[in-house]
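Observations on the model geometry
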Amino acid sequence: MKGQNGPLTVGDVVIWVQIAAPADLSALLVTDSGKVRSDADFVFFNQPSGPGVNLQPGAPGQLASLRVSPAAVPADIAQIRAVITLDGAGSSFGAIPAPIAYVSDAAGNPLYAYRIDGLSSESIVIALELYRRMGDWKVRAVGQGYAGGFAALVTDHGVRVDDEVAPAPQPQFQPPPPPQQFQPAVPPPQQQYQSPPQQYQSPPQQYQSPPPAPQQFPSAPPQQYQPVPPPPQYQSSPPPPPQYQSAPPQQFQSAPPPFQPPPPPSQGFQQPPPFPPSAQQPQVRSVPGEEKLSLEKRQTLNMRKQEVAKVLLTKGANGIRARVVLVIDKTGSMSREYASGVVHRVVERMVPVATQLDDDGQLEPYLYGKSFAKLPNVTVADAEAWCETFIHMSGKHGGINYGKIGGVNDELPIMTEVLKSLRPGDAPTLVLFFTDGGFSKRTQIAALMRDASRYPVFWQFIGLGHSGFGILHELDTLDGRVVDNAGFFAVGDIDRMTDAQLYAQLLNEFPDWLRAARAANILR
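Analysis parameters
- Residues numbered from 1 in each chain as written.
- Predicted model: local features only at pLDDT ≥ 70, side-chain atom pairs only at ≥ 80, totals over all residues.
- Heavy atoms only, no water.
- Pairing = 2+ DSSP bridges.
- Helix = DSSP H or I, 4+ residues; strand = E, 2+ residues; numbered from the N terminus.
- Buried < 20%, exposed > 50% of the residue type's maximum accessible area, 1.4 Å probe, protein only.
- Polar contact = N/O pair within 3.5 Å; in protein donor to acceptor, adjacent residues only side chain to side chain.
- Contact = heavy atoms within 4.5 Å.
- Salt bridge = Lys/Arg side-chain N within 4 Å of Asp/Glu carboxyl O.
- Phe/Tyr/Trp six-rings, centres within 6.5 Å; stacked < 30°, edge-to-face > 60°.
- Lys NZ or Arg CZ within 6 Å of the ring centre and 35° of its normal.
- Axes fitted to C-alpha atoms, helices over the stretch in contact; angles between N-to-C directions.
- Left-handed = near helix turned anticlockwise from the far one by under 90°.
- Nonpolar A, V, L, I, M, F, W, Y, C, P; charged D, E, K, R; others polar.
- pLDDT = per-residue confidence, 0-100.
- Arc of directions from axis to C-beta.

Let's talk about the sheet that holds strand β1 (residues 5-7)
The antiparallel open sheet is built from six strands, whose spatial order is β1-β12-β11-β8-β3-β4. In this open sheet, the two strands that pair with only one neighbour each are β1 and β4 (42-43). Across two bridges, strand β3 (residues 23-30) lies against β4 in antiparallel orientation. Its bridge partner being in β4, A27 is matched across the sheet by V43.

Quick look at the environment of D493
Take D493: it is sitting in the loop between β22 (486-491) and α8 (499-506). The exposure class of D493 is partly exposed, given its relative accessible area of 36%. Taking C-alpha positions, D493 is 6.6 Å from G465, a pair spaced 28 residues apart along the chain. Separated by 3.1 Å, the side chain of D493 and the backbone nitrogen of D495 make a polar contact.

Thoughts on the environment of W459
Checked against the element boundaries, W459 lands in strand β21 (residues 457-464). Along the chain, W459 and E509 lie 50 residues apart, while their C-alpha atoms are 9.7 Å from each other. Ignoring any residue separated from it by four or fewer positions in sequence, one finds W459 in contact with M415, V418, L419, V431, M449, A452, N485, A486 and G487.

Notes on the pattern of salt bridges
Applying the stated criterion across every chain yields a total of 22 salt bridges. When the shortest N-O distance is used, the salt bridge between R37 and D76 registers 3.1 Å. Of this pair, R37 sits in the loop between β3 and β4 while D76 is found in the loop between β7 (65-68) and β8 (79-86), placing the two residues 39 residues apart along the sequence. Of the charged contacts in the structure, one is a salt bridge between D495 and R345, with a shortest N-O distance of 2.7 Å. Residue D495 is located in the loop between β22 and α8, and its partner R345 is located in helix α4 (residues 342-357); the two are separated by 150 residues in the primary sequence. With relative accessibility at 33%, the residue R345 sits in the partly exposed group.

Here's the deal with the packing of aromatic side chains
One pass over the structure, following the stated rule, counts 13 aromatic pairs. Between F458 and F510 the ring centres are 6.1 Å apart and the planes differ by 55 degrees, which places this aromatic pair in the tilted class. Separated by 52 residues along the polypeptide, F458 in strand β21 and F510 in helix α9 (residues 510-519) bring together distant segments of the chain. Exposure remark for F458: the relative accessible area of 1% places this residue in the buried category. On the accessibility criterion, F510 (0% relative accessible area) is buried. Through pairs of rings, three or more aromatic residues link up here, namely Y368, F433, F439, W459 and F461. Seen from the ring of Y131, R140 lies directly overhead, with NZ or CZ sitting 4.1 Å from the centre. Directly above the aromatic system of Y366 lies the positively charged group of K374, at a separation of 5.7 Å from the ring centroid.

Some remarks on the packing of α4 against helix α5 (residues 383-390)
Between α4 and α5, whose axes approach to 10 Å, the crossing angle comes to 145 degrees. Note on packing geometry: the crossing formed by α4 with α5 is right-handed. Taking contact as the criterion, the partners of H344, V347, E348 and V351 in α4 are, on α5, A383, E384, W386, C387 and E388. A per-class count over the contact of α4 with α5 returns five nonpolar, one polar and three charged.

Quick notes on the confidence of the model for the chain
The pLDDT averaged across the chain works out to 78; a share of 75% of its residues lies at or above 70. Every residue in residues 163-226 is under pLDDT 50, and counting partners more than four places away or in other chains gives 147 contacts. Every residue in residues 228-279 is under pLDDT 50, and counting partners more than four places away or in other chains gives 107 contacts.

Focus on the sheet that holds strand β17 (residues 372-374)
If you trace the six strands from one edge of the open sheet to the other, you get β17-β16-β15-β20-β21-β22, paired in mixed fashion. Edge positions in the sheet fall to β17 and β22, since each has one partner strand and no second. Taken pair by pair, the neighbouring strands of this sheet meet at an average axis angle of 20 degrees, ignoring direction. As judged from the three bridges shared by strand β16 (residues 364-368) and β17, these two strands associate in the antiparallel manner. Each bridged residue has a counterpart across the sheet, and for Y368 the counterpart in β17 is F372.

Overview of α5
Residues A383, W386, C387 and F390 constitute the buried set of α5. Down the axis of α5, the buried set is contained in an arc of 100 degrees. They therefore lie on one face. Among the structural elements, α4, β16, β18 (396-397) and β19 (400-401) are those in contact with the buried residues of α5.

Right, dumping it as structure tokens:
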């Protein structure tokens, strides 16, 4: 699924693609700035070898594959982006079944598979990327269509192109058999993929951020941002995170013989469970108020609670308790999501997360725009009535003037407010942050996230739609943090995700943060 990531724990890996049309596979090796160091970091049919990456010819009628030796990749290369380009003028991904990108080990055993759904008129897509995180390598499903043409794509990544790159000569193409019962759909067009900005510079000593006001709505005029002071009982700050280092040298294996692809997966990015099967049973909690629900609503709630509990058990977090904070974007671009009931349904699907994690089973909700408003807690019994009362774009509801919240994005005030709410000795806090874009204040938000990494809070950002999400795309590689304290995934239509898919994404990184935070003495 788009945005999902997973670890690479083997040596060499192979990236290959199953696609029902003639196409080329290439790779861009980029630094933290999102740019290649030189043209030698672009691996394609006319330059099939790069530092640690080789383009291997495919069988007749099949695409080439990319073999990556992480131990041989230079230390200043932060990401390896695999790009699929359709051959032929006028070709588009919307006219063919969704391609599937695979990552296998050197022997051909599949590790991950990602069905790249949601493409339309694009002829180029950044399928996935391998990237460094805390000295290790991970893989992330990107699936971002690129509208500017192949030459524009590589130029944006720092490759010098004098003329339009000619397509590779193709052998007689023999498409693989199409998946059974495939029903092509034409989803909304993807936005142009934006290369990450230049590497973050050390932030200035003061950061701009609107200050909190003593009343419900912070004032908008910016002031100097002051990092939240550390909890008093911590005698010293935890040690800084280790610097990225290249993996230790390994003995290179010879290229494996051709392998046969497995059957295409039914869903997007898939991987084996991160923990062995446990003999424990999922702990499904009940909270006061459930008895007031109708039989149908109780059945829905119970099924959702079971899915949440299964994820927590699989991730080794069975029985954990955490405060759950819900933050929802209330800006003008979210009007359709409010009017169509998407936000209403999101709130109802977050309630089971609170019942399984929070001591009192309640969500602590905020709406934000330029400013923010703290709303009454959401309980199991009144979730539907709560949504009818408070999920609106304008007006006055529950005594709150929504006009004061504003209609444009500024995430710093609400994020600062959450940090201010943390107290020494508190249980972990999980922030579920729903937005359809924004996060343009990269330097200030990066500084806040570094500061927040010292506190018992994990930020799970969920992007709704296909807009740009600024720095959220780079959270996994943001340096200067004590622990990795944030996760992000984007989804075009959250209503189409099953409960199992949604909760698996939502809680994918939170248990890992719990373990890292305990190791760093952030949690007791």
